[in-house]
Amino acid sequence: MQPPAQPSSNEFHDADRELMENKIRESLETLSQIRVSVSNHELADESVLEQRVDRLVRGYADMFAIKDRLQVNIPEDVLGYIKDGRNPDEFTSQFMERVASENQFTNGKIAALTNFKQEFESKLEEFFPEEMKDRKAQQ
């Protein structure tokens, strides 16, 4: 009988990442609830506000405990977008547009070089037919 299969490190990483994402969502929800509590602040709500702040602090502590198990690389440019208060999806969109443009430019270069090669070979065959026959025989 075989021992039970151990989860791979990728499975652990995916579970940790999903847990972190859930903790972030919970923290954002708690922050939203705190904002509502503060804007509608009454003395009776003080215990509710305290509970929400405690939940937020526990969530941050959980995220702090999980962070060392994650292997996430975030490009500096994306962090710059976030720091400037911009949407990181905007960075992704601009990056994809830039890549598509560069790809189109590269494909144009390849097409031009292919056309040049064909034209060059045809002219070589026209002016040096014997040498080109020898060259083709060697290939």
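Cut-offs and rules
Residues numbered from 1 in each chain as written. Predicted model: local features only at pLDDT ≥ 70, side-chain atom pairs only at ≥ 80, totals over all residues. Heavy atoms only, no water. Helix = DSSP H or I, 4+ residues; strand = E, 2+ residues; numbered from the N terminus. Buried < 20%, exposed > 50% of the residue type's maximum accessible area, 1.4 Å probe, protein only. Areas by Shrake-Rupley, 256 points an atom, 1.4 Å probe, with all protein chains shown as cover. Salt bridge = Lys/Arg side-chain N within 4 Å of Asp/Glu carboxyl O. Axes fitted to C-alpha atoms, helices over the stretch in contact; angles between N-to-C directions. Parallel < 35°, antiparallel > 145°, perpendicular 65-115°, else oblique. Contact = heavy atoms within 4.5 Å. Nonpolar A, V, L, I, M, F, W, Y, C, P; charged D, E, K, R; others polar. Left-handed = near helix turned anticlockwise from the far one by under 90°. pLDDT = per-residue confidence, 0-100.

### Structural notes on the overall build of the protein
When its secondary structure is counted, the protein shows 5 helices and 0 strands. Counted from the first residue to the last, the protein has its helices and strands arranged as α-α-α-α-α. When the 139 residues of the protein are sorted by exposure, 13% land in the buried category. For the protein, the accessible surface area stands at approximately 11900 Å², while carbon and sulfur atoms represent 55% of it.

### A few points about the pattern of salt bridges
One side chain can pair with another of opposite charge once the charged atoms of both are near each other. Considering all chains together, one arrives at 10 salt bridges under this definition. Linking Arg-86 and Glu-90 is a salt bridge whose minimum nitrogen-to-oxygen distance equals 2.9 Å. According to the relative accessible area criterion, Glu-90 is partly exposed, its value standing at 32%. Glu-126 is the partner of Lys-123 in a salt bridge, and the nearest nitrogen-oxygen pair spans 3.9 Å. Here Lys-123 pairs with Glu-126, and both are found in helix H4 (residues 88-127), just 3 residues apart, close to one helical turn. Salt bridges linked by common partners bring Arg-17, Glu-21 and Arg-25 together as one network.

### Describing the packing of H4 against helix H5 (residues 129-138)
Axis separation between H4 and H5 bottoms out at 5 Å; the angle between their running directions is 120°. Looking at the two axes, H4 sits oblique to H5. Residues Glu-121, Leu-124, Glu-125, Glu-126 and Phe-127 of H4 form the contact with H5, whose own contacting residues are Pro-129, Met-132, Arg-135 and Lys-136. For the contact of H4 with H5, the per-class residue count stands at 4 nonpolar, no polar and 5 charged.

### A closer look at the packing of helix H3 (residues 76-83) against H4
Working note: a packed helix pair is described by the angle between its axes plus the distance between those axes. Put simply, H3 and H4 touch, their axes get as near as 8 Å, and they point 135° apart. Taken together, the axis directions place H3 and H4 in an arrangement best described as oblique. Considering how the two elements wind past one another, H3 and H4 form a crossing that is right-handed. Contacts from Asp-77, Val-78, Tyr-81 and Ile-82 of H3 reach H4 at Pro-88, Glu-90, Phe-91 and Gln-94.

### Here we look at the confidence of the model for the protein
In the predicted model, the protein carries a mean pLDDT of 86, and the fraction of residues at 70 or more is 88%. Here helix H1 (residues 9-39) stands out as the least confident element of the protein, with mean pLDDT 86; H4 is the most confident, with 94. Counting contacts from residues 1-7, a segment whose pLDDT is below 50, to residues more than four positions away or on other chains yields 1 contact.

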